Amino acid sequence: DQQVKQNSPSLSVQEGRISILNCDYTNSMFDYFLWYKKYPAEGPTFLISISSIKDKNEDGRFTVFLNKSAKHLSLHIVPSQPGDSAVYFCAASMAGAGSYQLTFGKGTKLSVIP
Amino acid sequence: SAVISQKPSRDICQRGTSLTIQCQVDSQVTMMFWYRQQPGQSLTLIATANQGSEATYESGFVIDKFPISRPNLTFSTLTVSNMSPEDSSIYLCSVGSGGWDEKLFFGSGTQLSVL
């Protein structure tokens, strides 16, 4: 049973518009959430994270929103740029456990059209 | 963040053979992690490699199929043994951030195709 779900395998957005990537989780014990970006032939790179004590975290063009009651988080990219075209993975963990046990979603492939 | 070098970056192998993937980190780390990403699937943890002890394997992964070495605090290898086409995946080495957030840093990955 998948504990972290990214239900949209792909998303296409026009350059300059907002990209919204969604992620749902089922395990209420998760308290720390991360987004990774992956280009072809490269490893995933950390993008942004959020702790369960917050409902929003911003870093430049990237904002992550967390709705704990709905067990849902989303990544907003504004404005979207062609260089943002990549696969985005949502991940969740129980922070502080010392085990680095991240559970990943299957990823959403974002295509930003110039 | 740690710099992780992984090789080979890709390989095409014949069924029944074995491939060893190397991972080098630019700093000493206690734990190194090996992940697999099958086509269209999420990243799945294969095992945790601790220096000086046996690797800890996740459910569904066994040492005979994926033997791991961890000779020092900056290096690890993963071997994919007796390969079949189902082993065609991206294999990723990763290390932890060392902070409370347990963020992972990844190597560039090894794209393995088994014919």
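Shown above is the structure to which this text applies.
Conventions adopted
- Residues numbered from 1 in each chain as written.
- Chains lettered and ligands numbered in written order.
- Predicted model: local features only at pLDDT ≥ 70, side-chain atom pairs only at ≥ 80, totals over all residues.
- Heavy atoms only, no water.
- Disulfide = S-S within 2.5 Å.
- Helix = DSSP H or I, 4+ residues; strand = E, 2+ residues; numbered from the N terminus.
- Pairing = 2+ DSSP bridges.
- Contact = heavy atoms within 4.5 Å.

This next bit is on the state of the cysteines. All names here are of chain A. Under the definition given, this model contains two disulfides over all chains. A disulfide bridge connects Cys23 with Cys90, and the sulfur atoms are separated by 2.1 Å. The S-S bond linking Cys23 to Cys90 shows a torsion near -75°; that makes this disulfide left-handed. Of this pair, Cys23 sits in strand S3 (residues 19–25) while Cys90 is found in strand S9 (residues 86–93), placing the two residues 67 residues apart along the sequence.

Here we come to the sheet that holds strand S7 (residues 62–67) of chain A. All names here are of chain A. In spatial order, the strands read S1-S3-S8-S7-S6; together these five strands make up an open sheet with antiparallel pairing. The sheet terminates laterally at strand S1 (4–5) and strand S6 (56–59), the two strands that pair on one side only. As judged from the four bridges shared by S6 and S7, these two strands associate in the antiparallel manner. Residue pairing in the sheet places Asp59 in a bridge with Phe62 of S7.

Considering the arrangement of structural elements, one finds Ser94 of chain B in strand S9 (residues 89–96). For Ser94 of chain B, the contacting residues outside a window of four places in its chain are Ile4, Met32, Phe33, Tyr35, Leu104, Phe105 and Phe106 of chain B.

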